[in-house]
Structure formats: structure tokens, C-alpha cells
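Working through the structure, step by step
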Amino acid sequence: MPSWQSTLIARLNRLSAPRRVGAATATADLRAQYDRLSDRFGPIPADAVFEVAQLGPVKGEWARVDASDPARLILYFPGGGYVSGSPERHRSLVARLCHAAEAAAFSVNYRKAPDFAFPAGLRDGIDAYRQLIGRGVPASSIVLAGDGAGGGLAFSCALAIRNAGLAMPAAIAGMSPRADLSPSGWSLLENARSDAALNWELLFVSARHYLKKQSPADPYASPVYASFHDFPPIMVHAGSAEILRDDASRIGDRAAEAGVPVSVEIYDGMQHVFQASPYVPEARISLGRLGGFIKAKTQAAAAMAADERAAAER
């Protein structure tokens, strides 16, 4: 049963549920719908430090907290339906994930539709990863992560990394990932009334801007249609009340079919990217488990880096 805090916040959020959109909806109005979701994020932790930066041609932002281990790095993809979202608007969520994982993060400010259609954002993601590897960052210390569309992009990026023959990251973590742009999950219908964050029209219109004339079943756009063989361990969290619930479940199916270690957790009564609210206990539990997963999968790289630092000091 969901906590009373989450039930109260869900009721308040329904007062500002997304409006219906269509083919004639202006891009600015479409982006405003997603921006209202990030407006619900909680305050930024006091110890968080942010630095606007670039990895080669890819723009983004470094995020660090007091607990950040430089040998543990999250390559983070902010959500926003592929048409909106930015590192700045996701600072609170990214910083709290850094706390839970004792990691630093680079939030990728990947190019957005309709100005830059698929696969521009994906190219930014793999280019950022190439830059990190080229700078000597071990793949075993990197975790791909994201929320919403950014969560889907993290899995698309893993697919591109594998197919390019690059060293795979240590793990992938997703919060309410949007991994099917068809869209075809039953939860789109089952949760149409319970979802206080998204609606089918908003997903459809933003996907068409992103895809242009490309197929929504392209595995690089919708990773639920990809084979996950040779993927690293995966953890995905979603809410039972959101219309993207089945995207998370189907990622679990693809991982299980490929023999990839996977944990998919569906939180009772929770909404889309519920981790963004620091006021509900489910958000703290979810971030704690995601952080523990990231720490566990990068522990060997962090220990090796610590040994190297100790040897250099002697």
C-alpha cells in the first residue's frame, strides 16, 4: 500500500495533470508540459556542486556531492519526452542519486526534437561515453542511468556501445524508463486514469517529433525491441500507477531472455519518476536501492582506484 505522503502528493499533482495535446500543439507548449513535471522535483541538496562542461562536442553538467567517489561515475540522461529536459532541471534528482550511490555524475544535455530528431540524442550519448573512455575512465566505473525518456536513452546507448564493440559499462539503472515508442504496453490503457503525470497523447506527439519518419520499432529508438545479450546488470524501478509501467517490465523480459542479471521493481501506487519527490518514503527507498546497486557494480573499480591513489602517496 502506498504511503499517505505519496497518496497526498498524487492527489495534488492531479490538479495540474497534463493537458491534451495534438498535432497542432506548438513545440513550446509541448515542452511546457514536461517542464511542469520537473517543477515538482524537490530542493537541491545543500552540498551539491554543479559545473557546466563538455565531453568533446557533447554539452552537459558535472554533479558532485560530498560523498562522491571520483572512481564511480554515473552517465545520466535527463527525461523530458525527447523534446525537453535538461541537466539544470534535473539537478535535485541527480544530486540525490549521487548521494545514494556515492558517485559523481555527468548529465548529458543531449540534443532534443523537433530541432534534432532521432538519432541525434543517441549519438550524443555514445559520443559522451567514448570521450570518457578516451580520457582513461574505466568502463567498469561507469553506470548509465536516466529517467523517463532519458531512461530509455540509457538502454539505447548501451545497445550502441555493444554494437560498436566498445567496453560495456558496469551497469544500467532506469527510473520509469520510456523504452517503447510504438507504444504498445497494456498499462497505457490500464493506467490512463491513475497516471497524474503523463497521457497517451503527450507520449505520442513527442515521439512523432523525435522519430520524424523513422520506425518506432527501431531498437535504437525503442530498446524493448532489441536483444540484450552481453548487456551489464540492470536495475529498473517504476510505479504501478503510471502508463509506462509495462516499459519497465518488458526491459526485464528482454534482460531475462538474454541471461542478463536484472531487477525490476514496481512500487505500489507510485507515479512516473516518483523518486523525484524527497517527501515520500518510497522515493528514499528506491533511490537507496538504486544507489546500492550502483555502488555494488562499481565496487571493484573504486577499490582499484583507491589502491592506486594509496600507492601514489607512498
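Residues numbered from 1 in each chain as written. Predicted model: local features only at pLDDT ≥ 70, side-chain atom pairs only at ≥ 80, totals over all residues. Heavy atoms only, no water.

1. Quick word on the overall build of the chain
Put simply, the rule is: Secondary structure is summarised from DSSP: a helix means a run of H or I of at least four residues, a strand means a run of E of at least two, and numbering begins at the N terminus for each. To get the radius of gyration, use the C-alpha atoms; to get the globule rule, take the number of residues to the power 0.38 and multiply by 2.2 Å. Between buried and exposed lies partly exposed: a residue is buried under 20% and exposed over 50% of the maximum accessible area for its type, with that area taken using a 1.4 Å probe on protein chains only. All accessibility values rest on the Shrake-Rupley procedure with a 1.4 Å probe; residue burial counts only the protein chains present in the view. By the counting scheme adopted, Arg and Lys are positive, Glu and Asp are negative, and His together with the chain ends is not counted. Where a charge sits is defined by one atom per residue type, namely NZ (Lys), CZ (Arg), CG (Asp) or CD (Glu).
Of regular secondary structure, the chain possesses 10 helices and eight strands. The C-alpha atoms of the chain give a radius of gyration of 18 Å, which matches the 20 Å a tight globule of 314 residues would have. Summarising its shape, the C-alpha atoms of the chain cover approximately 65 × 45 × 40 Å along the three principal directions. The proportion of buried residues among the 314 residues of the chain is 57%. Accessible surface, the chain as shown: approximately 12,700 Å² in total, 55% of it carbon and sulfur. Placing the 33 positive and 31 negative side-chain charges of the chain at their respective mean positions leaves the two points 4 Å apart.

2. Some thoughts on the sheet that holds strand S5 (residues 142-147)
Under the convention used in this document: Strands pair, by our definition, only if DSSP identifies at least two bridges between them. Inter-axis angles, ranging from 0 to 180 degrees, are taken between N-to-C directions of lines fitted to C-alpha atoms, where helices are fitted over the stretch in contact. Throughout, a residue-residue contact means that at least one pair of heavy atoms, one from each residue, lies within 4.5 Å.
Taken together, eight strands build an open sheet; the order of strands is S1-S2-S4-S3-S5-S6-S7-S8 and the sheet is mixed. The two strands at the open ends of the sheet, each matched to only one other strand, are strand S1 (49-55) and strand S8 (262-267). Direction aside, the axes of adjacent strands within the sheet are offset by 20° on average. Across four bridges, the pairing between strand S6 (residues 171-175) and strand S7 (residues 234-239) is parallel. Counted as the bridge partner of Met-175 is His-237 from S7. Each of S7 and S8 touches helix H8 (residues 245-257); the most contacted strand, S8, lies at about 160° to it. Contacting strand S3 (69-77), S5, S6, S7 and S8, helix H9 (residues 281-297) runs over the sheet at an angle of about 170° to S7.

3. Comments concerning the pattern of salt bridges
Which entries qualify depends on this criterion: The term salt bridge refers to a side-chain nitrogen of Lys or Arg lying within 4 Å of a carboxyl oxygen of Asp or Glu.
Per the stated rule, a full pass over the model turns up 12 salt bridges. Across the pair Asp-39 and Arg-89 runs a salt bridge whose closest N-O atoms are separated by 2.3 Å. Taken together, the positions of Asp-39 in the loop between helix H2 (27-38) and S1 and Arg-89 in the loop between S3 and helix H3 (91-101) put the pair 50 residues apart, joining distant regions of the chain. Residue Asp-39 is classed as exposed on the basis of its relative accessible area, which comes to 53%. Residue Asp-246 is joined to Arg-245 by a salt bridge in which the shortest nitrogen-to-oxygen separation is 3.0 Å. Residue classification places Asp-246 among the buried positions, given a relative accessible area of 14%.

4. Description of the environment of Ala-221
One can find Ala-221 in the loop between helix H7 (200-211) and S7. The class of Ala-221 is buried, set by a relative accessible area of 0%. Placed 64 residues apart in sequence, Ala-221 and Cys-157 show a C-alpha to C-alpha distance of 9.8 Å. Once residues lying within four places of it in the same chain are set aside, the contact partners of Ala-221 are Tyr-82, Phe-118, Ser-156, Leu-181 and Leu-211.

5. Describing a nonpolar patch on the surface
We count it as follows: To count toward a patch, a residue needs a relative accessible area above 30% and no salt bridge. Like charges then connect within 9 Å, nonpolar side chains (Val, Leu, Ile, Met, Phe, Trp, Tyr) within 5 Å.
There is a patch of nonpolar side chains on the surface, built from Val-262, Val-264 and Ile-266 and spanning about 180 Å² of accessible area. Position of Val-262 relative to the elements: it lies in strand S8. Classification of Val-262 as partly exposed rests on a relative accessible area of 31%.

6. Things to note about the side chain of Ser-84
Threshold: Within 3.5 Å is the distance limit for a polar contact, defined as a pair of N or O atoms, with the added protein rule that one can donate a hydrogen and the other accept it, and that residues adjacent in sequence qualify only through two side-chain atoms.
Along the chain, the position of Ser-84 falls in the loop between S3 and H3. Its relative accessible area of 7% is what places Ser-84 among the buried residues. A polar contact is formed between the side chain of Ser-84 and the side chain of Asp-35, at a distance of 2.8 Å. Setting aside residues up to four positions removed in sequence, Ser-84 forms contacts with Arg-31, Tyr-34, Asp-35, Gly-79 and Lys-112.

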